[in-house]
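Close look at the chain arrangement
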Amino acid sequence: MPEGDTIFRTARALGRALTAKAVTGFRSTYPLLTRFNDDTPLIGQTVESVDSRGKWLLIQFSGGGMLVTHMLMSGSWHIYRHGERWQRPRNHMRILLENSDYVAVGFSVPVAKMMRAHELARALRIPPAAIDVLSAEFDAGEATRRVQAHGGEEVGDVLLHQEAIAGVGNVFKSEICFVTATNPFCKVADLDSERVAFLVATSRRLVKANVLEDSGETMVTYGGMHRRTTGRIDPGERVWVYGRGDEPCRKCGEPIRRQLQGPDARVTFWCPKCQKS
Ligand SMILES: [Zn+2]
């Protein structure tokens, strides 16, 4: 699943291509979207903003409608110049938005709805900006309180709860636990408030570090990104533990462990020596 940093990059690229420009073309294979467009045509409306919230991408139109998409595993948005060759097959196209400069194509986007802004939070449980690690309105105290409200659950699970702290995905989950020397299988309630606050601050720092580079590319894909949490340039040393089962810990040499965690059986990597509590 794309993590929050990836959605954030997509929103930024789409924002540059679409914001403050009039829509000149719209197509979708989703009947609910085309019906909305029949009632309230998007052509002629202006895109007011493109934002990410956790793993949701929100495109606000001047007529009051908001196009809400969630990428799950397979979806991606690409931005092309008119006439440019698409990088994915035409029959993967689910949504297409055009303006005078660009064509934005949502490929294999599995969840897409048109909503009014006030319907959003309740209907989709989209996390508030205060707990989105990539939002300028991020409130570390609020995120810390929400994480602590899941005291009976394991840290590695709670970091994935989008209603506690939004924007951390499965790769970062393992990395955050390593960087804070936290055992991902310990209960949140077993950590003091300072440690939870440290986990929250580290979450924001690591995820944000992956969106600072801004290449200004005109095309966005989910495949082309290499997450980095170690600060090292060498491609073999980009992360501390994720995907490194049985390889030696970069700090102590102990073999990294791998285990499925939580109700959704998400894979977790950790060092049993460096992450004791
Ligand atoms: Zn270690």
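For the structure, see preceding data.
None of these values were measured; they are calculated from a predicted model. Sequence order as written defines the numbering, with residues in each chain counted from 1. Totals for whole chains, interfaces and linings use all residues, but because this is a predicted model, local features are given only for residues with pLDDT of at least 70 and pairs of side-chain atoms are given and counted only at 80 or more. With hydrogens and water stripped out, all remaining heavy atoms of the structure feed into the side-chain values.

1. Notes on the coordination of the zinc ion
Let me state the cut-off plainly: Excluding water, the donors of a metal are its N, O and S neighbours within 2.8 Å, or within 3.2 Å for Na, K and Ca, and that exclusion means sites may look incomplete. In these descriptions, tetrahedral denotes four donors with every angle between 85 and 135 degrees, square planar four donors and octahedral six donors with opposite donors over 155 degrees apart and the rest between 65 and 115, and irregular any other case. Only runs of H or I of at least four residues qualify as helices and only runs of E of at least two qualify as strands under DSSP, and these elements are numbered from the N terminus. Burial classification: accessible surface area is computed with a 1.4 Å probe over protein chains only, and a residue below 20% of its type maximum counts as buried, one above 50% as exposed, and the rest as partly exposed.
Around the zinc ion, the donor atoms from the protein are Cys249 (SG), Cys252 (SG), Cys271 (SG) and Cys274 (SG), and they sit 2.2 to 2.4 Å away. For the zinc ion, the four donor atoms in the first shell make angles of 101 to 115° at the metal, a pattern classed as tetrahedral. Written as a sequence motif, the donor residues of the zinc ion are C-x2-C-x18-C-x2-C. In this pair, Cys252 sits in the loop between helix H7 (193-209) and strand E9 (257-261) while Cys274 sits in the segment after strand E10 (266-270), placing the two residues 22 residues apart along the sequence. Overall, the relative accessible area of 22% leaves Cys274 in the partly exposed class.

2. Some points on helix H4 (residues 140-148)
Definition in use: This arc corresponds to the set of directions leading from the helix axis out to the C-beta atoms. Contact between two residues is taken to exist if any of their heavy atoms lie within 4.5 Å; hydrogens are not considered. Two N or O atoms count as a polar contact when they lie within 3.5 Å, although within protein this holds only if one can serve as hydrogen donor and the other as acceptor, and sequence-adjacent residues are included solely when both atoms are side-chain atoms.
Within the span of H4, buried status applies to Ala143, Thr144 and Val147. For H4, the buried positions fall inside an angular range of 100° around the axis, keeping them on one side. Looking at the buried positions of H4, the neighbouring elements they touch are helix H5 (155-158) and H7. Where H4 starts, the residue carrying a side-chain oxygen 3.0 Å from the main-chain nitrogen of Gly141 turns out to be Asp139.

3. A look at the sheet that holds strand E6 (residues 93-98)
Stated precisely, the cut-off is as follows: Pairing between strands is defined by DSSP: at least two bridges between the two strands are required. Angles shown run from 0 to 180 degrees and are taken between the N-to-C directions of axes, each axis being a line fitted to C-alpha atoms and, for helices, limited to the stretch in contact.
Taken in spatial order, the four strands make up an open sheet running E1-E6-E7-E5, and their pairing is antiparallel. Two strands bound the open sheet, and with one partner strand each, they are strand E1 (25-28) and strand E5 (76-81). Pairwise comparison of adjacent strand axes, ignoring direction, gives a mean angle of 15° for this sheet. As defined by bridge partners, E6 adjoins strand E7 (residues 102-107) across five bridges and the pair is classed as antiparallel. For Glu98, the partnering residue across the bridge sits in E7 and is Val103. Contacts from helix H1 (residues 4-18) reach E5, E6 and E7, with the element oriented near 30° to E5.

4. Describing the pairing of strand E3 (residues 56-61)
With six of six residues buried, E3 is to be regarded as a mostly interior element. Along E3, one buried face is formed by Trp56, Leu58 and Gln60 and the opposite face, lined by Leu57, Ile59 and Phe61, is buried too. Turn length for the strand E2 (residues 47-53)-E3 hairpin, with the two strands adjacent in sequence and antiparallel, is two residues, and the turn residue Gly54 shows positive phi of about 60°. Judged from the five bridges that link them, E3 and strand E4 (residues 65-70) form a sheet pairing that is antiparallel. Looking across to E4, one finds that Gln60 is bridged to Met66. Adjacent in sequence and paired antiparallel, E3 and E4 are bridged by three residues, among which Gly64 carries a positive phi angle near 100°.

5. Some remarks on the packing of H4 against H7
Worth spelling out the cut-off: Crossings are assigned a handedness: left-handed for a near helix turned anticlockwise from the far helix by less than a right angle, right-handed for a clockwise turn.
Two numbers describe how H4 lies on H7: the axes approach to 9 Å, and their chain directions differ by 115°. Crossing hand, H4 versus H7: right-handed. Along the contact surface, H4 presents Ala140, Ala143, Thr144, Val147 and Gln148, while H7 presents Ser193, Val196, Ala197 and Val200.

6. A word on the environment of Gln162
Relative to the helices and strands, Gln162 is located in the loop between H5 and helix H6 (170-179). The class of Gln162 is buried, set by a relative accessible area of 19%. Setting aside residues no more than four positions away along its own chain, Gln162 makes contact with Gly54, Lys55, Pro127, Ile131, Gly167 and Val168. Looking at Gln162, its side chain comes within polar contact range of the main-chain nitrogen of Gly167, at 3.4 Å.

7. Structural notes on the sheet that holds E3
If you trace the four strands from one edge of the open sheet to the other, you get E2-E3-E4-E8, paired in antiparallel fashion. The sheet terminates laterally at E2 and strand E8 (111-116), the two strands that pair on one side only. Taken over all neighbouring pairs, the strand axes of this sheet differ in orientation by 20° on average, direction set aside. In the packing of H1 onto the sheet, contacts are made with E2 and E3, and the angle to E2 comes to roughly 175°. Against the sheet, helix H2 (residues 31-39) contacts E4 and E8, and its axis sits at roughly 30° relative to E8.

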